[in-house]
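# Overview (structure and organization)
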Amino acid sequence: MPTGSNSRQRAAKDVVDVLNEISTLLHTGLDRTTLSLCVSLIENGVNPEALAAIIKELRREAEQTLGNVEAR
């Protein structure tokens, strides 16, 4: 691979490393893969606030579903 490509990949990995550390400190519950996907979505034009709202909604629905399954 060309050196420019390697440096871009290294820079992207460094960004994800920093975001993962921040995510861990803030107890977001997002893993490296999820963080990478979120960054990619935001870089491609997804509204960050809308993305955060969707993540919160999915978590709430997952908790409700899990609660319903456990109640059976």
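Everything discussed here concerns the structure shown above.
Quantities reported herein were computed from a predicted structural model and do not represent experimental measurements. (Residues numbered from 1 in each chain as written. Predicted model: local features only at pLDDT ≥ 70, side-chain atom pairs only at ≥ 80, totals over all residues. Heavy atoms only, no water.)

Turning our attention to the overall build of the protein chain. On a plain count of helices and strands, the protein chain comes out with three helices and zero strands. Reading the protein chain from its N terminus to its C terminus gives the helix and strand order α-α-α. Here the C-alpha radius of gyration of the protein chain, 16 Å, is well above what a compact globule of 72 residues would show, namely 11 Å. Principal axes of the C-alpha set define a box for the protein chain whose edges measure 55 × 25 × 25 Å. (Helix = DSSP H or I, 4+ residues; strand = E, 2+ residues; numbered from the N terminus. Rg over C-alpha atoms; globule rule 2.2 N^0.38 Å.)

Let us look at the pattern of salt bridges. According to the stated counting rule, one finds four salt bridges in the structure shown. A salt bridge links Asp17 to Lys13, with the nearest nitrogen and oxygen atoms 3.0 Å apart. Of this pair, Asp17 and Lys13 both sit in helix H1 (residues 3-25), four residues apart, which is roughly one turn of that helix. Here Glu57 and Arg60 are joined by a salt bridge, their closest N and O atoms 2.0 Å apart. (Salt bridge = Lys/Arg side-chain N within 4 Å of Asp/Glu carboxyl O.)

Residues Val18, Ile22, Leu25 and Leu26 make up a contiguous nonpolar surface patch of roughly 420 Å² in combined accessible area. Inspection of the secondary structure puts Ile22 in helix H1. (Patch = residues over 30% accessible without salt bridge, like charges linked within 9 Å, V, L, I, M, F, W, Y side chains within 5 Å. Areas by Shrake-Rupley, 256 points an atom, 1.4 Å probe, with all protein chains shown as cover.)

This part is about the packing of H1 against helix H2 (residues 32-43). How two helices sit against one another is set out by the angle between their axes and by the gap between those axes. Running from N to C, H1 and H2 cross one another at 115°; their axes reach a closest spacing of 10 Å. H1 and H2 meet at a crossing whose hand is right-handed. Counted together, Lys13, Val16, Asp17, Leu19, Asn20 and Ser23 of H1 and Arg32, Leu35, Ser36 and Val39 of H2 form the full contact between these two elements. Each residue belonging to the contact of H1 with H2 can be placed in one class, and the counts come to four nonpolar, three polar and three charged. (Axes fitted to C-alpha atoms, helices over the stretch in contact; angles between N-to-C directions. Left-handed = near helix turned anticlockwise from the far one by under 90°. Contact = heavy atoms within 4.5 Å. Nonpolar A, V, L, I, M, F, W, Y, C, P; charged D, E, K, R; others polar.)

Examined against the element boundaries, Ser23 turns out to sit in helix H1. A relative accessible area of 5% means that Ser23 is categorised as buried. In this view, Ser23 contacts Thr28, Leu30 and Leu35; residues no more than four positions away in its chain are not counted. (Buried < 20%, exposed > 50% of the residue type's maximum accessible area, 1.4 Å probe, protein only.)

Treat this as a map of the structure, not an account of what it does.
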